[in-house]
Amino acid sequence: MAVRIGSIGLSGSTSNSTDFPWFATFRGRAGPLADPSLLLYATGGSAGGEVKFGTQATLTAQFFDGNSNTPIGAPVMVVGAAVSESKTRWGWTAGAGVEKKFNRNWSAKLEYLYIDLGSSTYFGGTANSTSVSFHDHVLRAGFNYAFSPSSVVAKY
């Protein structure tokens, strides 16, 4: 009878993540006045933001009995170091919206934006070199207050 000492089964995986900590847009807007208090508009311009890409590798080992090929104990998981890289990216944005004025100073708006910050290579020159393309969709609702200039008269 031959006795096998045992075997080890290995499996590995990687997990990637993309974060978008902040962004800013620089754009104009234009459109027809449906009536004096309602503006339907298109908007567009440049956009910039921080894109953070991270990756982590995990290796799982399972020991097996040499005779019956049944698992021995629980799998052992080895988690590799997580690495990340951040880049400030520049691109473009476009969208549309509607703004309704309620009185002289107050208005409300609903706006959609598409943001495209292009693609970039993260961890260049390493075994983890990855090309990441980033775009996002933003839906905003808000209230605006317009400060109206008033004349200042000095009295002596």
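Structure shown above.
First things first, this report covers the structure right here in the doc. Note that the structure is predicted; figures quoted are calculated from it, not measured.

This next bit is on the pairing of strand β6 (residues 106–122). As defined by bridge partners, strand β5 (residues 83–101) adjoins β6 across ten bridges and the pair is classed as antiparallel. Bridge pairing links V98 to L110 in β6. Adjacent in sequence and paired antiparallel, β5 and β6 are bridged by four residues.

This paragraph deals with the packing of aromatic side chains. This structure, assessed with the given rule, holds eight aromatic pairs. Seen from their ring centres, F20 and F23 are 5.5 Å apart, and the 10° between their planes marks the pair as stacked. Relative to Y122, the ring of F53 lies with its centre 5.8 Å away and its plane at 50°, an arrangement referred to as tilted. Note that F53 is positioned in strand β3 (residues 38–65) and Y122 in strand β6, a separation of 69 residues in sequence. The pair F53 / Y122 is uniform in exposure class, with both members buried.

We now examine the nonpolar core. Formed by A47, V51, F53, L113, I115, L117, Y122, F123, V132, F134 and V138, the largest nonpolar core amounts to eleven residues. Of all the elements in the fold, those that place two or more residues in this core are β3, β6 and β7 (130–145). Ranked by the residues each element gives to this core, the list is headed by β6, at four residues. Apart from the residues lying within four places of it in its own chain, the contact partners of F53 are N16, S17, T18, V83, S84, E85, Y122, F123, T130 and V132.

Reading the values: the criteria
- Residues numbered from 1 in each chain as written.
- Predicted model: local features only at pLDDT ≥ 70, side-chain atom pairs only at ≥ 80, totals over all residues.
- Heavy atoms only, no water.
- Pairing = 2+ DSSP bridges.
- Helix = DSSP H or I, 4+ residues; strand = E, 2+ residues; numbered from the N terminus.
- Phe/Tyr/Trp six-rings, centres within 6.5 Å; stacked < 30°, edge-to-face > 60°.
- Buried < 20%, exposed > 50% of the residue type's maximum accessible area, 1.4 Å probe, protein only.
- Core = buried A, V, L, I, M, F, W, Y, C linked by side-chain atoms within 4.5 Å.
- Contact = heavy atoms within 4.5 Å.

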